[in-house]
Amino acid sequence: MKQTEFLEKNIFIDLENVNDGFEDASIHYFSESDFATVLKRAEHFGLSIYKIESFLDGEAFDVADHDAFKKKATDPKWYEKAFSDLKKRQEGLVYSATYKVSKKLLERE
């Protein structure tokens with residue numbers, strides 16, 4: 001299984017991709033509530049999340065990455081904190097992330 005298939009089947013399922021063409025069509029963007037679900041599922045599967053990008057009205061708002069938090073990409077503490085900080089700073093953001101699904105997980109599926 002490829003990473004994109006895994007993400008569609010296990011992480012993005014039943015969530016609305018709000019990318020209306022303001023970015024690369026292959027990148028999924030989610031509302032705040034859906035992105036919270038994405039992060040819970042990512043933690044469940046132990047995915048790496050390297051960075052979170054936020055957008056407001058189709059314009060880049062802010063980017064957070066695991067290096068700035070001095071955490072491994074698989075550590076949910078960094079992305080939960082980053083998400084919380086972004087939510088507090090601005091309402092109405094949409095979110096995307098850079099993910100990595102481990103080879104072991106892809107082979108298991």
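Criteria and thresholds
Residues numbered from 1 in each chain as written. Predicted model: local features only at pLDDT ≥ 70, side-chain atom pairs only at ≥ 80, totals over all residues. Heavy atoms only, no water. Salt bridge = Lys/Arg side-chain N within 4 Å of Asp/Glu carboxyl O. Helix = DSSP H or I, 4+ residues; strand = E, 2+ residues; numbered from the N terminus. Axes fitted to C-alpha atoms, helices over the stretch in contact; angles between N-to-C directions. Parallel < 35°, antiparallel > 145°, perpendicular 65-115°, else oblique. Left-handed = near helix turned anticlockwise from the far one by under 90°. Contact = heavy atoms within 4.5 Å. Nonpolar A, V, L, I, M, F, W, Y, C, P; charged D, E, K, R; others polar. Phe/Tyr/Trp six-rings, centres within 6.5 Å; stacked < 30°, edge-to-face > 60°. Buried < 20%, exposed > 50% of the residue type's maximum accessible area, 1.4 Å probe, protein only. Pairing = 2+ DSSP bridges.

(A) A look at the pattern of salt bridges. For the structure on display, the rule yields two salt bridges. The partner of aspartate 62 in a salt bridge is arginine 89, and the shortest N-O contact between them spans 2.4 Å. Of this pair, aspartate 62 sits in strand β2 (residues 59–65) while arginine 89 sits in helix α3 (residues 76–89), and the two are 27 residues apart along the sequence. Where aspartate 85 meets lysine 81, a salt bridge forms, and the shortest distance between an N and an O atom there is 2.9 Å.

(B) Quick peek at the packing of helix α1 (residues 3–11) against helix α2 (residues 32–45). Between α1 and α2, whose axes approach to 10 Å, the crossing angle comes to 115°. Comparing the axis directions of α1 and α2 gives the class roughly perpendicular. Two packed elements cross with a definite hand, and for α1 against α2 that hand is right-handed. Across the interface between the two elements, Phe6, Asn10 and Ile11 from α1 touch Val38, Arg41, Ala42 and Phe45 from α2. A class-by-class count of the residues in the contact of α1 with α2 yields five nonpolar, one polar and one charged.

(C) Expanded view of the packing of aromatic side chains. Across all of its chains, the model carries nine aromatic pairs by this definition. Both rings, one in phenylalanine 12 and one in phenylalanine 30, keep their centres 5.1 Å apart while their planes meet at 45°; by these two values the pair is tilted. Of the two residues, phenylalanine 12 is situated in the loop between α1 and α2 and phenylalanine 30 in the loop between α1 and α2; the sequence distance between them amounts to 18 residues. Between tryptophan 78 and tyrosine 79, the aromatic rings sit 6.1 Å apart at their centres with planes inclined by 85°, giving edge-to-face as the arrangement. Each member of the pair, tryptophan 78 together with tyrosine 79, is buried. Among the aromatic residues, ring-to-ring pairing joins Phe12, Phe30 and Tyr99 into one connected group.

(D) The arrangement of the sheet that holds strand β3 (residues 94–100) in detail. The strand order across the open sheet formed by three strands is β2-β1-β3, and the pairing between neighbours is antiparallel. Only two strands of the sheet have a single partner each, and these edge strands are β2 and β3. Pairs of neighbouring strands in the sheet enclose a mean axial angle of 20°, with direction left out of account. With six bridges joining them, strand β1 (residues 48–56) and β2 adopt antiparallel strand pairing. Among the inter-strand pairings, phenylalanine 55 is bridged to a residue of β2, identified as alanine 60. Together, β1 and β3 form the strand contacts of α2, whose direction differs from that of β3 by roughly 20°. Where α3 meets the sheet, its contacts fall on β1, β2 and β3, and the angle it forms with β1 comes to roughly 10°.

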